[in-house]
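Each chain, letter by letter, is given below.
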Amino acid sequence: MRVLVIGRGGREHAIVWALSKSPKISKLFCAPGNGGIAGLAECVPIIELQFDEISTFAKEQAIDLVMVAPDDPLAAGLVDHLESKGIAAFGPRANAAIIEGSKVFMKQLLKKYSIPTAAYESFDAYEPALAYLRSQTAPIVIKADGLAAGKGVTVAQTMEEAEAALKDIMVGQVFGASAGASVVIEEFLTGQEMSLLAFVDGSTVRLMVPSQDHKPVFDNDKGPNTGGMGTYSPLPHIPESIVQEALVNIVQPTADAMVAEGRPFKGVLYAGLILTPNGVKTIEFNARFGDPETQVILPRLKTDLLDIFLAINNGTLAEQPIEWSEQAAVCVIVASPGYPGPYPKGLPITGLDQVQDALVFHAGTAVDENGQIVTNGGRVLGITGLGKDIVEARQKAYADADRIHFEGKHYRTDIAMKALR
Ligand code: AMP
Ligand code: GLY
(Lines give C-alpha, C1' and ligand atoms only; values in the text may rest on other atoms or scores of the structure.)
(Ligands and ions follow the chains in the order given, each with its own letter.)
Protein backbone atom coordinates (compact mmCIF):
# COMPACT_ATOMS: atom_id res chain seq x y z
CA MET A 1 0.00 0.00 0.00
CA ARG A 2 0.98 3.60 -0.61
CA VAL A 3 0.23 5.74 2.44
CA LEU A 4 0.28 9.51 2.98
CA VAL A 5 0.41 10.97 6.51
CA ILE A 6 -0.70 14.59 6.99
CA GLY A 7 1.13 16.68 9.62
CA ARG A 8 4.57 17.84 10.74
CA GLY A 9 5.17 17.30 14.49
CA GLY A 10 6.53 14.73 16.90
CA ARG A 11 3.20 12.92 16.85
CA GLU A 12 3.43 12.54 13.08
CA HIS A 13 7.04 11.34 13.37
CA ALA A 14 5.87 8.63 15.79
CA ILE A 15 2.99 7.65 13.47
CA VAL A 16 5.29 7.50 10.44
CA TRP A 17 7.83 5.51 12.51
CA ALA A 18 5.13 2.97 13.50
CA LEU A 19 3.76 2.71 9.94
CA SER A 20 7.28 2.32 8.52
CA LYS A 21 7.46 -1.06 10.31
CA SER A 22 4.39 -2.36 8.43
CA PRO A 23 5.27 -4.99 5.84
CA LYS A 24 2.12 -3.99 3.94
CA ILE A 25 3.43 -0.51 3.10
CA SER A 26 5.55 -0.12 -0.02
CA LYS A 27 5.76 3.67 0.00
CA LEU A 28 5.23 6.27 2.72
CA PHE A 29 4.76 10.01 2.16
CA CYS A 30 4.29 12.78 4.70
CA ALA A 31 2.94 16.27 4.00
CA PRO A 32 4.63 18.45 4.99
CA GLY A 33 6.71 16.36 7.45
CA ASN A 34 9.86 17.57 9.17
CA GLY A 35 13.63 17.00 9.40
CA GLY A 36 13.26 13.68 11.23
CA ILE A 37 10.32 12.30 9.27
CA ALA A 38 12.40 12.83 6.12
CA GLY A 39 14.53 9.81 7.15
CA LEU A 40 11.50 7.47 7.03
CA ALA A 41 9.10 8.92 4.47
CA GLU A 42 9.23 11.12 1.42
CA CYS A 43 8.25 14.60 2.60
CA VAL A 44 6.01 16.55 0.26
CA PRO A 45 5.84 20.37 0.45
CA ILE A 46 2.06 20.57 0.82
CA ILE A 47 0.60 21.98 4.02
CA GLU A 48 -2.24 20.56 6.10
CA LEU A 49 -5.00 22.92 4.95
CA GLN A 50 -4.25 22.76 1.19
CA PHE A 51 -7.08 20.30 0.56
CA ASP A 52 -7.05 20.46 -3.25
CA GLU A 53 -3.29 20.02 -3.40
CA ILE A 54 -3.53 17.01 -1.04
CA SER A 55 -6.26 15.26 -3.05
CA THR A 56 -4.51 15.98 -6.36
CA PHE A 57 -1.26 14.56 -4.99
CA ALA A 58 -3.06 11.50 -3.60
CA LYS A 59 -4.64 10.81 -7.01
CA GLU A 60 -1.39 11.33 -8.92
CA GLN A 61 0.54 9.06 -6.56
CA ALA A 62 -2.20 6.39 -6.34
CA ILE A 63 -2.31 6.71 -2.55
CA ASP A 64 -4.29 3.90 -0.90
CA LEU A 65 -4.79 5.63 2.46
CA VAL A 66 -4.38 9.19 3.73
CA MET A 67 -3.90 9.37 7.52
CA VAL A 68 -4.93 12.81 8.82
CA ALA A 69 -3.17 13.41 12.16
CA PRO A 70 -3.70 17.07 13.27
CA ASP A 71 -6.81 18.79 14.62
CA ASP A 72 -7.12 21.69 12.14
CA PRO A 73 -7.56 19.71 8.90
CA LEU A 74 -9.87 17.22 10.68
CA ALA A 75 -12.13 20.01 11.97
CA ALA A 76 -12.05 21.69 8.56
CA GLY A 77 -13.22 18.49 6.83
CA LEU A 78 -10.16 17.04 5.08
CA VAL A 79 -11.47 13.48 5.53
CA ASP A 80 -14.83 14.48 3.96
CA HIS A 81 -12.97 16.20 1.12
CA LEU A 82 -10.82 13.15 0.37
CA GLU A 83 -13.79 10.77 0.54
CA SER A 84 -15.73 12.98 -1.88
CA LYS A 85 -12.86 12.46 -4.34
CA GLY A 86 -12.91 8.69 -3.84
CA ILE A 87 -9.73 8.64 -1.73
CA ALA A 88 -9.65 6.47 1.41
CA ALA A 89 -8.82 8.48 4.52
CA PHE A 90 -8.26 7.69 8.20
CA GLY A 91 -9.74 10.07 10.76
CA PRO A 92 -13.13 11.40 11.82
CA ARG A 93 -15.29 13.39 9.43
CA ALA A 94 -15.93 17.04 10.29
CA ASN A 95 -19.29 16.26 11.89
CA ALA A 96 -17.48 14.03 14.42
CA ALA A 97 -14.22 16.02 14.75
CA ILE A 98 -16.44 18.79 16.15
CA ILE A 99 -16.11 17.01 19.50
CA GLU A 100 -12.70 18.72 19.65
CA GLY A 101 -13.43 21.68 17.38
CA SER A 102 -16.22 23.09 19.55
CA LYS A 103 -16.04 22.96 23.34
CA VAL A 104 -19.67 24.12 23.49
CA PHE A 105 -20.71 21.12 21.34
CA MET A 106 -18.68 18.77 23.53
CA LYS A 107 -20.11 20.11 26.79
CA GLN A 108 -23.71 19.98 25.48
CA LEU A 109 -23.21 16.40 24.28
CA LEU A 110 -21.88 15.30 27.67
CA LYS A 111 -24.67 17.08 29.52
CA LYS A 112 -27.34 15.54 27.26
CA TYR A 113 -26.01 12.00 27.81
CA SER A 114 -25.13 12.50 31.53
CA ILE A 115 -21.42 11.83 30.98
CA PRO A 116 -19.26 13.12 33.87
CA THR A 117 -17.60 16.49 33.22
CA ALA A 118 -17.04 19.77 35.05
CA ALA A 119 -20.22 21.81 35.65
CA TYR A 120 -20.38 24.72 33.18
CA GLU A 121 -22.35 27.38 31.39
CA SER A 122 -21.74 28.53 27.82
CA PHE A 123 -22.32 31.98 26.34
CA ASP A 124 -22.22 33.58 22.91
CA ALA A 125 -22.27 37.19 24.12
CA TYR A 126 -19.85 39.03 26.40
CA GLU A 127 -22.25 40.85 28.76
CA PRO A 128 -24.19 37.80 30.01
CA ALA A 129 -20.92 35.84 30.23
CA LEU A 130 -19.42 38.56 32.40
CA ALA A 131 -22.53 38.76 34.59
CA TYR A 132 -22.43 34.98 35.14
CA LEU A 133 -18.70 35.03 35.82
CA ARG A 134 -19.19 37.72 38.48
CA SER A 135 -21.66 35.43 40.26
CA GLN A 136 -18.95 32.74 40.59
CA THR A 137 -15.76 32.43 42.66
CA ALA A 138 -12.15 31.73 41.72
CA PRO A 139 -10.45 29.48 40.83
CA ILE A 140 -12.52 29.11 37.70
CA VAL A 141 -11.84 27.97 34.15
CA ILE A 142 -12.51 30.02 30.98
CA LYS A 143 -12.37 28.28 27.58
CA ALA A 144 -12.65 29.68 24.08
CA ASP A 145 -15.09 27.56 22.06
CA GLY A 146 -12.93 26.84 19.02
CA LEU A 147 -9.46 25.53 18.25
CA ALA A 148 -6.78 27.81 19.69
CA ALA A 149 -3.58 25.78 19.29
CA GLY A 150 -3.93 24.49 22.85
CA LYS A 151 -3.93 28.02 24.31
CA GLY A 152 -7.67 28.70 24.55
CA VAL A 153 -7.99 27.56 28.18
CA THR A 154 -7.29 29.77 31.20
CA VAL A 155 -7.32 28.24 34.66
CA ALA A 156 -7.84 31.52 36.55
CA GLN A 157 -6.68 31.68 40.16
CA THR A 158 -8.29 35.11 40.69
CA MET A 159 -11.42 36.83 39.40
CA GLU A 160 -9.26 39.54 37.79
CA GLU A 161 -7.46 36.88 35.77
CA ALA A 162 -10.79 35.28 34.82
CA GLU A 163 -12.32 38.57 33.68
CA ALA A 164 -9.21 39.40 31.67
CA ALA A 165 -9.31 36.00 29.95
CA LEU A 166 -12.99 36.39 29.11
CA LYS A 167 -12.38 39.83 27.67
CA ASP A 168 -9.38 38.65 25.63
CA ILE A 169 -11.44 35.82 24.12
CA MET A 170 -14.72 37.61 23.41
CA VAL A 171 -13.82 41.26 23.00
CA GLY A 172 -10.13 41.14 22.02
CA GLN A 173 -10.74 38.00 19.92
CA VAL A 174 -7.14 36.94 20.56
CA PHE A 175 -7.92 33.44 19.22
CA GLY A 176 -9.82 34.84 16.22
CA ALA A 177 -13.45 35.84 15.76
CA SER A 178 -14.71 32.30 15.25
CA ALA A 179 -12.89 30.50 18.11
CA GLY A 180 -13.86 33.36 20.45
CA ALA A 181 -17.51 33.78 19.42
CA SER A 182 -18.58 31.51 22.29
CA VAL A 183 -17.05 30.61 25.64
CA VAL A 184 -17.41 27.91 28.22
CA ILE A 185 -17.08 28.95 31.87
CA GLU A 186 -16.57 25.92 34.04
CA GLU A 187 -15.95 24.63 37.50
CA PHE A 188 -12.31 24.17 38.54
CA LEU A 189 -11.53 20.52 39.23
CA THR A 190 -8.53 19.07 41.07
CA GLY A 191 -6.84 15.73 40.72
CA GLN A 192 -4.30 13.91 38.60
CA GLU A 193 -4.84 14.06 34.88
CA MET A 194 -4.83 11.08 32.55
CA SER A 195 -4.86 10.93 28.78
CA LEU A 196 -6.93 7.98 27.66
CA LEU A 197 -6.84 7.47 23.91
CA ALA A 198 -8.96 4.93 22.11
CA PHE A 199 -9.33 3.46 18.67
CA VAL A 200 -13.00 3.87 17.76
CA ASP A 201 -15.01 2.68 14.75
CA GLY A 202 -18.42 4.08 15.61
CA SER A 203 -19.55 1.97 18.56
CA THR A 204 -16.51 -0.28 19.09
CA VAL A 205 -14.04 1.30 21.52
CA ARG A 206 -10.58 -0.22 22.07
CA LEU A 207 -8.55 1.65 24.67
CA MET A 208 -4.89 2.33 24.13
CA VAL A 209 -2.51 2.22 27.09
CA PRO A 210 -3.04 5.22 29.42
CA SER A 211 -0.52 8.04 29.56
CA GLN A 212 0.02 11.35 31.33
CA ASP A 213 1.04 14.69 29.84
CA HIS A 214 2.97 17.54 31.53
CA LYS A 215 1.53 20.81 30.20
CA PRO A 216 3.25 23.58 32.22
CA VAL A 217 6.68 24.53 30.95
CA PHE A 218 8.65 24.24 34.22
CA ASP A 219 9.27 21.53 36.82
CA ASN A 220 6.57 20.95 39.46
CA ASP A 221 3.92 22.17 36.99
CA LYS A 222 5.05 25.80 37.21
CA GLY A 223 4.87 28.40 34.46
CA PRO A 224 2.60 28.83 31.47
CA ASN A 225 0.96 25.93 29.64
CA THR A 226 2.62 24.44 26.56
CA GLY A 227 1.55 21.88 24.00
CA GLY A 228 3.06 19.28 26.38
CA MET A 229 6.59 18.95 27.82
CA GLY A 230 6.66 15.20 28.29
CA THR A 231 4.62 12.04 28.73
CA TYR A 232 4.89 8.55 30.13
CA SER A 233 3.08 5.24 30.03
CA PRO A 234 1.99 3.12 31.83
CA LEU A 235 0.72 4.94 34.93
CA PRO A 236 1.70 2.44 37.66
CA HIS A 237 0.17 4.60 40.40
CA ILE A 238 -3.29 4.70 38.79
CA PRO A 239 -5.26 1.47 39.30
CA GLU A 240 -6.78 -0.40 36.37
CA SER A 241 -10.19 0.04 38.03
CA ILE A 242 -9.98 3.80 37.32
CA VAL A 243 -9.22 3.12 33.66
CA GLN A 244 -12.23 0.79 33.52
CA GLU A 245 -14.40 3.42 35.22
CA ALA A 246 -13.34 5.91 32.54
CA LEU A 247 -14.14 3.43 29.77
CA VAL A 248 -17.56 2.51 31.13
CA ASN A 249 -18.68 5.96 32.30
CA ILE A 250 -17.03 8.24 29.75
CA VAL A 251 -15.36 6.87 26.61
CA GLN A 252 -17.90 4.19 25.60
CA PRO A 253 -20.95 6.38 26.33
CA THR A 254 -19.39 9.21 24.33
CA ALA A 255 -18.81 6.98 21.30
CA ASP A 256 -22.40 5.71 21.65
CA ALA A 257 -23.69 9.30 21.98
CA MET A 258 -21.94 10.27 18.75
CA VAL A 259 -23.60 7.34 16.96
CA ALA A 260 -26.98 8.32 18.43
CA GLU A 261 -26.46 11.89 17.23
CA GLY A 262 -25.82 10.67 13.67
CA ARG A 263 -22.15 11.62 13.93
CA PRO A 264 -20.38 8.26 14.27
CA PHE A 265 -16.78 8.79 15.35
CA LYS A 266 -14.21 6.79 13.39
CA GLY A 267 -10.59 7.35 14.27
CA VAL A 268 -8.66 8.10 17.43
CA LEU A 269 -10.73 9.54 20.27
CA TYR A 270 -8.65 11.17 22.99
CA ALA A 271 -10.26 11.70 26.40
CA GLY A 272 -8.49 14.21 28.64
CA LEU A 273 -9.58 13.11 32.11
CA ILE A 274 -9.14 14.29 35.67
CA LEU A 275 -9.31 11.90 38.63
CA THR A 276 -11.32 13.95 41.14
CA PRO A 277 -12.33 12.87 44.66
CA ASN A 278 -15.83 12.47 43.15
CA GLY A 279 -14.78 10.14 40.35
CA VAL A 280 -13.26 10.45 36.91
CA LYS A 281 -14.43 13.51 34.95
CA THR A 282 -13.89 14.70 31.40
CA ILE A 283 -11.81 17.81 30.76
CA GLU A 284 -11.72 17.62 27.00
CA PHE A 285 -12.06 15.39 24.00
CA ASN A 286 -9.67 15.48 21.08
CA ALA A 287 -10.43 13.89 17.73
CA ARG A 288 -6.87 12.65 17.09
CA PHE A 289 -3.71 11.22 18.58
CA GLY A 290 -2.19 13.40 21.33
CA ASP A 291 1.14 15.12 21.05
CA PRO A 292 3.36 14.05 22.90
CA GLU A 293 1.23 11.11 24.16
CA THR A 294 1.70 9.31 20.85
CA GLN A 295 5.47 9.30 21.38
CA VAL A 296 5.02 6.93 24.37
CA ILE A 297 1.92 5.03 23.20
CA LEU A 298 3.02 3.86 19.75
CA PRO A 299 6.43 2.56 20.93
CA ARG A 300 4.43 0.22 23.21
CA LEU A 301 2.13 -1.01 20.39
CA LYS A 302 3.11 -4.47 19.13
CA THR A 303 0.39 -4.71 16.46
CA ASP A 304 0.80 -3.31 12.95
CA LEU A 305 -0.74 0.19 13.20
CA LEU A 306 -1.89 0.04 9.58
CA ASP A 307 -3.99 -3.06 10.36
CA ILE A 308 -5.78 -1.12 13.10
CA PHE A 309 -6.45 1.87 10.80
CA LEU A 310 -7.85 -0.46 8.13
CA ALA A 311 -10.00 -2.33 10.66
CA ILE A 312 -11.49 1.00 11.80
CA ASN A 313 -12.25 2.01 8.23
CA ASN A 314 -13.77 -1.41 7.51
CA GLY A 315 -15.86 -1.38 10.70
CA THR A 316 -14.12 -4.54 11.98
CA LEU A 317 -12.26 -3.08 14.95
CA ALA A 318 -14.01 -5.50 17.35
CA GLU A 319 -12.23 -8.46 15.72
CA GLN A 320 -8.82 -6.79 15.33
CA PRO A 321 -6.14 -8.14 17.71
CA ILE A 322 -4.33 -5.28 19.48
CA GLU A 323 -1.28 -6.08 21.59
CA TRP A 324 0.78 -3.85 23.89
CA SER A 325 4.23 -4.41 25.29
CA GLU A 326 4.85 -4.49 29.05
CA GLN A 327 7.69 -2.00 28.64
CA ALA A 328 7.48 1.46 30.14
CA ALA A 329 8.03 4.55 27.97
CA VAL A 330 9.01 8.08 29.00
CA CYS A 331 9.18 10.97 26.53
CA VAL A 332 11.08 14.15 27.39
CA ILE A 333 10.43 17.15 25.17
CA VAL A 334 13.47 19.30 24.40
CA ALA A 335 12.24 22.83 23.65
CA SER A 336 13.55 26.04 22.12
CA PRO A 337 14.78 28.88 24.36
CA GLY A 338 11.78 31.10 25.16
CA TYR A 339 9.09 28.52 24.38
CA PRO A 340 6.07 28.76 24.92
CA GLY A 341 6.75 32.46 24.25
CA PRO A 342 8.62 33.72 21.17
CA TYR A 343 11.71 31.69 20.26
CA PRO A 344 14.44 31.73 17.63
CA LYS A 345 14.55 29.25 14.74
CA GLY A 346 17.42 27.81 12.74
CA LEU A 347 19.71 26.86 15.66
CA PRO A 348 22.02 23.98 14.66
CA ILE A 349 21.31 20.73 16.54
CA THR A 350 24.32 18.53 17.36
CA GLY A 351 24.72 15.16 19.04
CA LEU A 352 21.86 13.37 17.25
CA ASP A 353 24.43 10.78 16.14
CA GLN A 354 25.49 10.24 19.78
CA VAL A 355 22.06 8.97 20.87
CA GLN A 356 22.36 5.44 22.27
CA ASP A 357 19.11 3.90 23.44
CA ALA A 358 16.23 6.29 23.03
CA LEU A 359 13.90 6.96 20.12
CA VAL A 360 14.24 10.53 18.89
CA PHE A 361 11.03 11.98 17.47
CA HIS A 362 11.46 15.31 15.73
CA ALA A 363 8.77 17.88 16.56
CA GLY A 364 10.12 21.16 15.21
CA THR A 365 13.21 20.61 13.08
CA ALA A 366 14.22 21.33 9.51
CA VAL A 367 17.20 20.54 7.32
CA ASP A 368 19.00 23.74 6.22
CA GLU A 369 20.70 24.38 2.85
CA ASN A 370 23.93 22.73 4.12
CA GLY A 371 22.14 19.56 5.18
CA GLN A 372 22.40 20.54 8.88
CA ILE A 373 19.43 19.71 11.13
CA VAL A 374 18.24 22.93 12.78
CA THR A 375 15.49 23.97 15.20
CA ASN A 376 12.26 25.01 13.53
CA GLY A 377 9.61 25.08 16.26
CA GLY A 378 8.94 25.56 19.97
CA ARG A 379 8.98 21.89 20.82
CA VAL A 380 12.04 20.63 18.96
CA LEU A 381 12.54 16.96 19.83
CA GLY A 382 10.80 14.26 21.86
CA ILE A 383 13.23 11.75 23.35
CA THR A 384 11.47 8.49 24.25
CA GLY A 385 13.26 6.03 26.52
CA LEU A 386 11.96 2.47 26.87
CA GLY A 387 12.72 0.20 29.80
CA LYS A 388 11.47 -2.50 32.12
CA ASP A 389 9.91 0.16 34.35
CA ILE A 390 9.46 3.93 34.56
CA VAL A 391 12.77 4.37 36.41
CA GLU A 392 14.75 2.71 33.61
CA ALA A 393 12.78 4.38 30.81
CA ARG A 394 13.32 7.82 32.42
CA GLN A 395 17.02 7.23 32.86
CA LYS A 396 17.40 6.30 29.19
CA ALA A 397 15.35 9.26 27.97
CA TYR A 398 17.34 11.78 30.03
CA ALA A 399 20.72 10.22 29.21
CA ASP A 400 20.04 10.73 25.51
CA ALA A 401 18.39 14.15 25.97
CA ASP A 402 21.75 15.20 27.46
CA ARG A 403 23.66 13.97 24.41
CA ILE A 404 21.81 16.40 22.12
CA HIS A 405 22.65 20.08 22.03
CA PHE A 406 21.46 23.39 20.67
CA GLU A 407 21.81 26.87 22.08
CA GLY A 408 19.41 27.52 24.96
CA LYS A 409 17.72 24.10 24.88
CA HIS A 410 15.50 23.37 27.84
CA TYR A 411 13.45 20.51 29.19
CA ARG A 412 11.63 19.58 32.36
CA THR A 413 13.66 17.36 34.67
CA ASP A 414 10.66 15.81 36.46
CA ILE A 415 8.83 13.95 33.69
CA ALA A 416 7.12 10.83 35.12
CA MET A 417 8.05 11.71 38.72
CA LYS A 418 4.34 11.64 39.68
CA ALA A 419 4.54 7.87 39.17
CA LEU A 420 7.51 7.54 41.54
CA ARG A 421 6.63 9.76 44.50
P1 AMP B 1 -7.47 21.70 27.54
O2 AMP B 1 -6.86 22.59 26.48
O3 AMP B 1 -8.95 21.64 27.51
O4 AMP B 1 -6.77 20.36 27.58
O5 AMP B 1 -7.07 22.35 28.93
C6 AMP B 1 -5.73 22.59 29.23
C7 AMP B 1 -5.45 22.25 30.66
O8 AMP B 1 -6.20 23.11 31.51
C9 AMP B 1 -5.86 20.85 31.07
O10 AMP B 1 -4.92 19.88 30.78
C11 AMP B 1 -6.02 21.02 32.57
O12 AMP B 1 -4.76 20.96 33.21
C13 AMP B 1 -6.55 22.41 32.69
N14 AMP B 1 -8.01 22.40 32.84
C15 AMP B 1 -8.95 22.44 31.88
N16 AMP B 1 -10.18 22.41 32.39
C17 AMP B 1 -10.04 22.35 33.73
C18 AMP B 1 -10.96 22.30 34.84
N19 AMP B 1 -12.29 22.33 34.68
N20 AMP B 1 -10.44 22.24 36.08
C21 AMP B 1 -9.10 22.24 36.28
N22 AMP B 1 -8.19 22.30 35.29
C23 AMP B 1 -8.65 22.34 34.03
N1 GLY C 1 -0.99 16.55 24.65
C2 GLY C 1 -2.17 17.29 24.50
C3 GLY C 1 -2.79 17.23 23.19
O4 GLY C 1 -2.36 16.56 22.28
O5 GLY C 1 -3.80 17.91 23.01
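Residues numbered from 1 in each chain as written. Chains lettered and ligands numbered in written order. Predicted model: local features only at pLDDT ≥ 70, side-chain atom pairs only at ≥ 80, totals over all residues. Heavy atoms only, no water.

Caption draft 1: Quick peek at the packing of aromatic side chains. Under the definition given, this model contains eight aromatic pairs. Consider the rings of F123 and Y132, whose centres lie 5.3 Å apart with planes at 40 degrees: the pair is tilted. Under the relative-accessibility criterion, F123 is labelled buried at 14%. Judged by relative accessible area, which is 23%, Y132 ranks as partly exposed. Where Y339 meets Y343, the ring centres are 6.4 Å apart and the plane angle is 65 degrees; that geometry is what we call edge-to-face. By relative accessible area, which is 30% here, Y343 ends up partly exposed. Ring pairing ties together the aromatic residues F90, F199, F289 and F309, which thus form one cluster. Here the guanidinium or amino end of K27 rests over the ring plane of F29, the centre of that ring lying 5.1 Å away. (Phe/Tyr/Trp six-rings, centres within 6.5 Å; stacked < 30°, edge-to-face > 60°. Buried < 20%, exposed > 50% of the residue type's maximum accessible area, 1.4 Å probe, protein only. Lys NZ or Arg CZ within 6 Å of the ring centre and 35° of its normal.)

Caption draft 2: Highlighting the site of ligand 2. In the vicinity of ligand 2, the contacting residues are D213, K215, G227, Y270, N286, R288, G290, D291, P292 and E293. A distance of 2.8 Å separates an oxygen atom of ligand 2 from a polar side-chain atom of R288. A distance of 2.8 Å separates a nitrogen atom of ligand 2 from a polar atom in the side chain of E293. Here the residues of the shell around ligand 2 are counted per class, giving two nonpolar, three polar and five charged. (Near = heavy atom within 4 Å. Polar contact = N/O pair within 3.5 Å; in protein donor to acceptor, adjacent residues only side chain to side chain. Nonpolar A, V, L, I, M, F, W, Y, C, P; charged D, E, K, R; others polar.)

Caption draft 3: How the structure looks around the sheet that holds strand β11 (residues 205-207). Strand order in the open sheet formed by four strands is β11-β10-β16-β17, and the pairing between neighbours is antiparallel. Looking along the sheet, the strands with just one partner apiece sit at the ends: β11 and β17 (279-286). Here the strands of the sheet are splayed against their neighbours by 35 degrees on average, with no regard to which way each runs. Of the strand pairs in this sheet, strand β16 (residues 266-276) and β17 are connected by seven bridges, and their pairing is antiparallel. Across the sheet, residue T276 finds its bridge partner in β17, namely G279. (Pairing = 2+ DSSP bridges. Helix = DSSP H or I, 4+ residues; strand = E, 2+ residues; numbered from the N terminus. Axes fitted to C-alpha atoms, helices over the stretch in contact; angles between N-to-C directions.)

Caption draft 4: Focus on the sheet that holds strand β7 (residues 140-144). Ordered by their spatial adjacency, four strands build an open sheet running β6-β9-β7-β8, and the pairing between neighbours is antiparallel. Looking at which strands have only one partner, the edges of the open sheet turn out to be β6 (120-123) and β8 (153-156). Each strand of the sheet is rotated relative to its neighbour by a mean of 15 degrees, with strand direction disregarded. Taken together, the four bridges between β6 and strand β9 (residues 183-187) define a ladder with antiparallel strand orientation. Of the residues in β9, the one forming a bridge with E121 is I185. Sitting on the sheet, helix α8 (residues 159-170) is in contact with β6, β7, β8 and β9, with an inclination near 10 degrees to β7. (Contact = heavy atoms within 4.5 Å.)

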